[in-house]
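Single-letter residue listing:
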Amino acid sequence: MTTALERWTAELVLDAHARLGEGPVWSAAEAVLYWVDIDLGRVHRYDPATGRDDHLDVGESVGAVAPRRTGGLVLALQTGFGLADAWPQLPRARIGVEEDRTDTRMNDGACDTGGRFWAGTMHASAEPGHGSLYRLDPDGTVEHMLGGVSISNGVAWSPDDSTMYYVDTPTGGVDAFDFDAASGTIANRRRLIDVDPADGAPDGLVVDAEGCLWVALWDGWAAQRYTPDGRLVGVVDVPVARVTKCAFGGAGLDELYITTASPDAPDAEQPNAGGLFGVRPGVVGLHATPFAG
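So, here's what we can say about the structure. Predicted model only: the values in this text are computed from it and were never measured. (Residues numbered from 1 in each chain as written. Predicted model: local features only at pLDDT ≥ 70, side-chain atom pairs only at ≥ 80, totals over all residues. Heavy atoms only, no water.)

1. Examining the sheet that holds strand β11 (residues 104-111)
Here we have 4 strands laid out as an open sheet, ordered β11-β12-β13-β14, and antiparallel in their pairing. Every interior strand has two partners, whereas the edge strands, β11 and β14 (142-149), have only one. Neighbour-to-neighbour, the strand axes of this sheet turn through a mean angle of 20 degrees, independent of strand direction. Here 6 bridges tie β11 to strand β12 (residues 117-123), and the two strands are oriented antiparallel to one another. Note on β12: the bridge partner recorded for Cys 111 is Phe 117. (Pairing = 2+ DSSP bridges. Helix = DSSP H or I, 4+ residues; strand = E, 2+ residues; numbered from the N terminus. Axes fitted to C-alpha atoms, helices over the stretch in contact; angles between N-to-C directions.)

Structural data, given as C-alpha cells:
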C-alpha cells in the first residue's frame, strides 16, 4: 500500500524579486535570516520581527553565506572565501579558491557542527565536471574534498553527525557519505535519493531534527521531504518554478524559509518569482552552526 504524501503550500514572505535567490541560513544569535542573490552579488538580512530586508552589495557573485561565531559572516565569493567582521561590513579578508580560473564561481555551502564551512564551485556556463567541493577550516586552511563536480549545491549533515548529504545537481539526486565529525573527512560515497526528472532538478537541501531531508527542486515548483533512508514522504508546493533552498528559522526553528529565483523572461504565472517564501510544516529544524573562524 502506498502511503499518501504530506502536502504543504508555501506563502510569500518577502516579494524580493531576486535574480538568483539562494543560501538561506538562520542566525539564532541575531534572530534574522541571511540569504544571497548570487547573480547580483548581494547578501540579504531579513528580520521577521520587523519585516525588514536589508542587503549588502559585495561587488562579485556570492554563492553562500553563514554567520561567524565571533560575529560577522563567512562568504563563498566568486574566487574564494571572504570574512566580514560585522553586518553590514564588506569582507576584509579573502582566501583564494581557483583564483587562476575565470570560468568558475563558488556556489552553495553550509557549516558542519565543527564550525567548518563547506562550499563548492561550478563552471560559469554549467559545463560538466569543472567544479569541486572545498572545506574551509577555522584556521583559514582550505581543503579540496571532491573533484569532477558539475554544479556543487546542497550540503548538510545528519543529526548524529555520521552522514553528510550532497547534491551535484546534474546527477539528479542526493548522495550520502560517511562523515567523521572529528576530522571533517568523508568516505564511502553512495546514492541515497534519485529525484524524478519530471519533478525538477535537486538544488539546495537542509535536514530537520527528525533526520529528514528537505530538497529544493529547480524548475519543480516544490521542495520535497525525504526520510533518512531516501523515501519521499512530503511535498511543499511553491508558486514559482525555480525553488533553490530551504532553511529552518524562527525562535522555535519551526518556520521553513524557501528561496527562489526569477525566470529568464517575465512570466505572468509566477509574479512573485525570486521571492522568499515560508511554511510551518509541523516539524522543527536543527540549529545552524556558525563558522568557527
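2. Quick look at the nonpolar core
With 18 residues, the main nonpolar core has Trp 214, Val 236, Val 238, Leu 256 and Ile 258 as its most contacted residues. Elements that contribute at least two residues to this core include exactly β20 (213-218), β23 (242-249), β24 (255-261) and β25 (276-279). Per-element accounting of this core gives the leading share, 3 residues, to β23. When near neighbours in sequence (up to four residues on either side) are disregarded, Ile 258 contacts Ala 10, Val 236, Val 238, Val 243, Lys 245, Cys 246, Gly 275, Leu 276 and Phe 277. (Core = buried A, V, L, I, M, F, W, Y, C linked by side-chain atoms within 4.5 Å. Buried < 20%, exposed > 50% of the residue type's maximum accessible area, 1.4 Å probe, protein only. Contact = heavy atoms within 4.5 Å.)

3. Structural notes on the pattern of salt bridges
Within this structure, the stated rule accounts for 22 salt bridges. Here Arg 191 makes a salt bridge to Asp 194, at a shortest N to O gap of 2.7 Å. With relative accessibility at 32%, the residue Arg 191 sits in the partly exposed group. The salt bridge involving Glu 210 is made with Arg 225; its shortest N-O contact spans 2.8 Å. (Salt bridge = Lys/Arg side-chain N within 4 Å of Asp/Glu carboxyl O.)

4. What about unusual backbone geometry?
Going from Trp 87 to Pro 88, the amide bond is cis rather than trans, its omega being 0 degrees. Mapped onto the elements of the fold, Pro 88 is located in the loop between β9 (80-84) and β10 (93-96). For Trp 221, which is not a glycine, the phi torsion comes out positive at approximately 60 degrees. Mapped onto the elements, Trp 221 comes out in the loop between β20 and β21 (222-226).

5. Re the state of the cysteines
Taken as a whole and assessed by the stated rule, the structure comprises 0 disulfides. Note on Cys 111: no disulfide assigned, nearest cysteine sulfur contributed by Cys 246 at a separation of 18 Å. Using a relative accessible area of 12% as the deciding quantity, one classes Cys 111 as buried. The thiol of Cys 246 is unpaired, and the distance to the nearest cysteine sulfur, on Cys 212, comes to 13 Å. Taking relative accessible area as the criterion, Cys 246 reaches 1% and is therefore assigned buried. (Disulfide = S-S within 2.5 Å.)

Interpretation in functional terms is not warranted from these geometric data alone.
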